[in-house]
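Coordinate inspection notes
Residue strings, one per chain:
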Amino acid sequence: MSESASRATPTPSARNKVIIVYLLMMLVLVGGAAVVVFQTHQQTRKAAVSRLNARADLATELVTQAFMTSDYGLRTLAGFIEPLAEQASIVSGSGLESLEQTLDQKRDLLEYLDGLFVMGPLGRALYSSESLPGDQVPGWSFLRQQLSGMSGSQLITPLYKDPTTGQLSIWHLRALYASNGAVTAYLAARQTTELLTSSMGHLSLSEGQSLAVLDENMTVVGRLPGTPGTLHTGTRVQEPHTSEFIESGQARSQVLTSSPVDSEERFYAFRRVSGAPYIVIVGEKMSVVMHGWWQSLWVIVIGVLLVGIVGLVLVCQLLRRQAAEQKLISENRERQALQNSAQSNEARLRALIHSIPDLIFVFDQQGRFVFVHASDESMLLGPVEELLGAHYQEVLPAKLANRLDATREQVERTGEPAELEYQLEHEGEVREFSARITVLVDQENRNNGFLAVVRDVTESKIQEAELRIASTAFETHLGMVITDEHGVILRANRAFTKITGYEEHEVVGKTPAVLQSGLQDRAFYQNFWARVKENGSWEGEIWNRKKNGEIYAEWLTVTAVRGEEGQVLNYVGTFHDITKRKEAERRAHRLAFYDSLTGLANRVLLEDRIAEAVKSNVRQKTYAALLQLELNQFRAINDTRGYEVGDLVLKTVADRLGKLMRGSNTLARIGGDEFAILLLSLGPTEEAAARAAELMANQVLNLFEHPVAVADYNVPISVSIGITLMSGQQTPWDQQIQRAEQATQQAKQQARQQGARPVAFFDPEIQARTVANILLEDELRNALSADQLQLFFQPQIRNPDRLQGYEVLLRWQHPEKGLISPGVFIPLAEQNRLIVPIGEWVLRRACEQLARWQDDPATKDLYLAVNVSVYQFQNRQFTEQVAAILEETGAPPHLLELEVTESLLMDDPEYITQVMNDLRALGIRFSLDDFGTGYSSLSYLKRLPLDQVKIDQSFTRDLGENNASGAIVDSIIGLSNGLGLQVIAEGVETEAQRDWLVEHGCRHFQGYLFGRPGPLPADN
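We now turn to the structure provided with this report. Just so we're clear, the structure is a prediction, and the values are computed from it rather than from any experiment. (Residues numbered from 1 in each chain as written. Predicted model: local features only at pLDDT ≥ 70, side-chain atom pairs only at ≥ 80, totals over all residues. Heavy atoms only, no water.)

Here we take up the side chain of R811. Topologically, R811 is positioned in strand β29 (residues 802–814). For the buried R811, no salt bridge is present, and the opposite-charge side chain at shortest range is E807, 8.5 Å distant. When residues no more than four places from it in sequence are discounted, the contact partners of R811 are Q788, L789, Q790, F792, L819, P822, F825 and P1013. (Helix = DSSP H or I, 4+ residues; strand = E, 2+ residues; numbered from the N terminus. Buried < 20%, exposed > 50% of the residue type's maximum accessible area, 1.4 Å probe, protein only. Lys, Arg positive; Asp, Glu negative; His and termini not counted. Salt bridge = Lys/Arg side-chain N within 4 Å of Asp/Glu carboxyl O. Contact = heavy atoms within 4.5 Å.)

Take the sheet that holds strand β20 (residues 568–577) next. One open sheet holds the five strands; their spatial order is β17-β16-β20-β19-β18, and the pairing between them is antiparallel. One side of each edge strand has no neighbouring strand; the edge strands of this open sheet are β17 (489–492) and β18 (537–545). On average, adjacent strands in this sheet sit at an angle of 25° to one another, irrespective of strand direction. Of the strand pairs in this sheet, strand β16 (residues 479–484) and β17 are connected by three bridges, and their pairing is antiparallel. Pairing of V481 across the sheet is with A492, part of β17. Set on the sheet, helix α17 (residues 522–535) makes contact with β18, β19 (551–562) and β20; between it and β18 the angle comes to about 150°. (Pairing = 2+ DSSP bridges. Axes fitted to C-alpha atoms, helices over the stretch in contact; angles between N-to-C directions.)

If you look at the biggest cluster of nonpolar residues, it comprises 71 residues, and the most contacted ones within it are L780, F873, L896, L898, L919 and L997. At nine residues, helix α26 (residues 835–853) tops the list of elements feeding residues into this core. Setting aside chain neighbours within four positions, we find L919 in contact with F873, F878, T879, V882, L898, I924 and F926. V649, A654, A690 and I721 belong to the second-largest nonpolar core, a separate cluster that totals 38 residues. (Core = buried A, V, L, I, M, F, W, Y, C linked by side-chain atoms within 4.5 Å.)

With that settled, consider the pairing of strand β23 (residues 674–679). Consecutive side chains of a regular strand alternate in pointing toward one face of the sheet and then the other. Within β23, six of the six residues are buried, which leaves the element mostly enclosed by the surrounding structure. Neither face of β23 is left uncovered, since the one carrying E674, A676 and L678 and the one carrying F675, I677 and L679 both have all their residues buried. Pairing of strand β21 (residues 624–631) with β23 involves six bridges; the strand directions are antiparallel. The residue of β23 that forms the bridge with E630 is E674. Counting the residues between successive antiparallel strands, the hairpin from strand β22 (residues 666–669) to β23 contains four residues.

On to the packing of aromatic side chains, then. Here a ring pair, both rings aromatic, is described through the centre-centre distance and the interplanar angle of the planes. Applying the stated rule across the entire model yields 23 aromatic pairs. Aromatic side chains F117 and W171 sit 5.7 Å apart centroid to centroid with 35° between the ring planes, which places their arrangement in the tilted category. Separated by 54 residues along the polypeptide, F117 in strand β1 (residues 113–119) and W171 in strand β4 (residues 168–177) bring together distant segments of the chain. Residues F117 and W171 agree in their burial class; the two are buried. Measuring from ring centre to ring centre gives 5.7 Å for F361 and F369, while their planes differ by 75°; the resulting arrangement is edge-to-face. In textbook terms, an aromatic cluster arises when at least three aromatic residues are bridged by ring pairs, as seen for F524, Y525, F528, W529, W538 and Y571. Positioned over the ring face of F245 is R272, at 5.0 Å from the centre of the ring. (Phe/Tyr/Trp six-rings, centres within 6.5 Å; stacked < 30°, edge-to-face > 60°. Lys NZ or Arg CZ within 6 Å of the ring centre and 35° of its normal.)

Once that is clear, we can look at the pattern of salt bridges. A side chain with one charge may pair with a side chain of the opposite charge, provided their charged atoms come close. Within the structure shown, the criterion is met by 30 salt bridges. For D456, the salt bridge goes to R431, with nearest N and O atoms at 2.9 Å. On the criterion of sequence distance, the pair formed by D456 in strand β15 (residues 447–456) and R431 in strand β14 (residues 429–441) is long-range, its members being 25 residues apart. A relative accessible area of 13% places R431 in the buried class. Across the pair K547 and E506 runs a salt bridge, and its minimum N-O distance is 2.7 Å. Separated by 41 residues along the polypeptide, K547 in the loop between β18 and β19 and E506 in helix α16 (residues 504–507) bring together distant segments of the chain. Owing to a relative accessible area of 22%, E506 belongs among the partly exposed residues under this scheme.

So, about the packing of α26 against helix α28 (residues 878–889). Closest axis-to-axis distance for the α26/α28 pair is 9 Å, and the angle between their directions is 30°. Of the possible angle classes, the one that applies to α26 and α28 is roughly parallel. By crossing handedness, the relation of α26 to α28 is classed as right-handed. Where α26 abuts α28, its residues E840, L843, R844, C847, E848 and A851 lie against F878, Q881, V882, I885, L886, E888 and T889. When the residues that make up the contact of α26 with α28 are grouped by side-chain class, the tally is seven nonpolar, two polar and four charged. (Parallel < 35°, antiparallel > 145°, perpendicular 65-115°, else oblique. Left-handed = near helix turned anticlockwise from the far one by under 90°. Nonpolar A, V, L, I, M, F, W, Y, C, P; charged D, E, K, R; others polar.)

This part covers the sheet that holds strand β8 (residues 252–258). Read across the open sheet, the five strands follow the order β7-β6-β10-β9-β8; overall the sheet is antiparallel. Strand pairing shows two members of the sheet lacking a second neighbour, β7 (220–224) and β8, which therefore form its edges. Strand-to-strand twist across the sheet, computed as the mean angle between neighbouring axes with direction ignored, equals 20°. Against the sheet, helix α6 (residues 240–248) engages β6 (209–215), β8, β9 (265–272) and β10 (278–285), with an angle of about 20° to β9.

So, on to helix α23 (residues 736–754). Helix length check: α23 (19 residues) gives 26 Å between terminal C-alpha atoms against 27 Å at 1.5 Å per residue, within 8%. The set of residues buried in α23 consists of Q736, I737, R739, A740, Q742, A743, T744, Q746 and A747. With its phi angle positive at about 70°, G755 sits one or two positions after the end of α23. (Expected span 1.5 Å × (residues − 1).)

Here we take up unusual backbone geometry. A cis amide bond links N799 with the next residue in sequence, P800, at an omega value of 5°. Non-glycine residue S681 carries a positive phi angle of around 55°. With respect to the secondary-structure elements, S681 resides in the loop between β23 and α22 (686–703). Even without a glycine there, the phi angle at A711 is positive, about 50°. Within the secondary structure, A711 sits in the loop between β24 (708–710) and β25 (713–715). On the accessibility criterion, A711 (40% relative accessible area) is partly exposed.

The next thing to look at is the environment of A624. Following the sequence through the fold, A624 ends up in strand β21. For A624, a relative accessible area of 0% puts it in the buried group. A C-alpha to C-alpha distance of 7.4 Å links A624 and L678, two positions 54 residues apart in sequence.

Shown next, in the form of structure tokens:
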């Protein structure tokens, strides 16, 4: 590996150095910010205290000045009236006129004067500026108390409230001395509180400042600003710090406490007014004092956070790219050195700017670049030298420049920063950028340009999109849980809560063991975690317990999340509840392998067990036997008793047969009225197996010697049993049921024909015939498309020799076997429903022939009789099919005769009657074939839309030789004539038979006497 490549990959030590440098930088920055904040805080408090003391000193000086002005006026006035007062006091009633005149002339020397008095030492008024009710000075009791403590030539009293008028005033007294130095009288000035409040009005208070003057009794003389309803002149204040200051006798003090007015915390400065019983209190709100400091604090905090965020982004970039890492490490070191040595905000700001990886642009008022910063100058639209002095409209694309114009106008109008997001193509790639536009103002708040901080947010946009996708994926329909490397749950989604019932906060901090159901043992979970640690994942089915205690099955996938060094950081588990699926599988298994009515094994399960039995026979060299049981005439039970009774009979039969089962034997229901018994391990010889199977057959027959009692009915049951032995050596397992079915048919046949016991073992000769029929059936499927089927026609004659029409007969001309009798292939066609397409083909060919006859007067009245199978009638579209053939071929409907047999009427006679009526409405005629040979019913002749009755050839053949046949034919003829039905006899081969029929009233014939079946003559 090259040296440059090794430098490009940061080592763990290099990564740690970057982190340490970043932390040291943040520590220094936070420490420096803390020092600045602390110093600023101290300076702010100191400045506030200094400002408050100066304001208090000034307020005290103004109050003192007010009292000095008052004292000066009194002292001046005292100089004028002191001689007069002495004279007035010596000679009663003399000199008062001069005293009053002097006082009246000089009283203007005093401001805010409410009353002026000259009183003797005992309070007698020598002069009063107002009329008195007596000769006593008002408030003398108060003044006398104050005079008792007077130590000099003047006295200023606390705030006095007149008990009568409630008026508040301040008394200023000055002693008047005689020539011998004795006090002869007192000059008393009663002044309003405006004396002090007016001096307070000269002060201008800043926001949050307050000023109050109280007397020594803590009574408010005045307060700025005024607070109506809270503190006003004359209000007594209850405040411990103020009381403590008054009692201390100190000249000044200061304290930080809550205001009794608005409970806000304030700095208070106390001053005692010299020579007067008053104190001045100046306060300032802490919130106002520290407002500037709080703003500075927020600026510093935001700056520190911004530096921290920028530094973190820088560290991430350093770890991604080696070149940027080296450069940013150098810048971090330089920035750290600058921060450690910086002594001014300008140096800190520069360090901050140079540490920002964002693009920074400063524009003047005209929009020209005056400053450009870019950690990667390739991100710029041009060199820095070319950008400086250029207008942004000359550099940016027109659309972006217009957007910047609008954003610039917005920030200049509101003064608030604004965001601008845009896209630019950089090095052939479209990049996303986010710009923060801020207006720049000078100290006089005038617009000085604007600042744009631009960040490339392409990666963050991608990360945001990925986070949204991850968040959406987390809240999927699958339950999801995330743990740490120790398996402690950290997160769980809403689907987890929906499935388990546990809220996320209930499982966070716990392990998934809280969900364990106890159905899996400790070894299961040990293997589970071993697989996860070995392969990094595990997937499988697990049973857990919900919060409500319910056990449920889930399909769980656990995946380990590894770090860059391969260590496990987390485990992520996703799961979904498969309880319903498991239950559905169980039900599906039940439906797939068991009969829903009896609960016995069905044909599928029986075949599976037969296959296993054949394999076991080969291994163990033993025999097994399969017995098929068919309930005789069970259909009659359904028809006469109803299907509910039939179902009860089947259940009872199953219960009785179940009592015969032992060990591994299998009892199954393989058809509507068919059961099967599989007997295993019957011995090594065929004879032993046959004896065991026959013994079981006898036991089954014995079970049904007595009727079955169900639903208040005693239903007799007879069973035919076919048996096949299985060794596994010769016959494949999938043919065993077929062989047993053939044996059952043998048993039914020998019981019906010979009166023997209805039990038979499989006969290979019957099997050979069956195989031949199967092969013939396969060839029959191709006969129609291979054009091997042919129509033969046998004439039908009206006595004596008039040709009325033909019966259409189907023949199969096999390419190898020659002409095959319809008695062979028609039953096969009906069995596999090939009779439906074959019958349609016969009908279409017959109608085409009728249409051709219409062109010849000699043949246009001839009709054709076509045999129709019961399966064609069962086709719900049979009527539409016949109507379409008639319309397509143009055949006259009244010349088409459909021959039906009595067996057609055995299934759903109402539906068959409706179909025949619909066809009769088209004009088609009907003939009842083989009457008297099946389930003949006179009601059929009455209900059905028949036109003709055909006497079966088995009766015609014996006419003149068998009286019974003659009686039957005679009865059929008489009955048909009575019902207005035409009678035709088939199988007429001799003149004697014809004569007998004519003698007894039959005039229509068909048979070899008139012509054998074959192709139509050439002229037809």
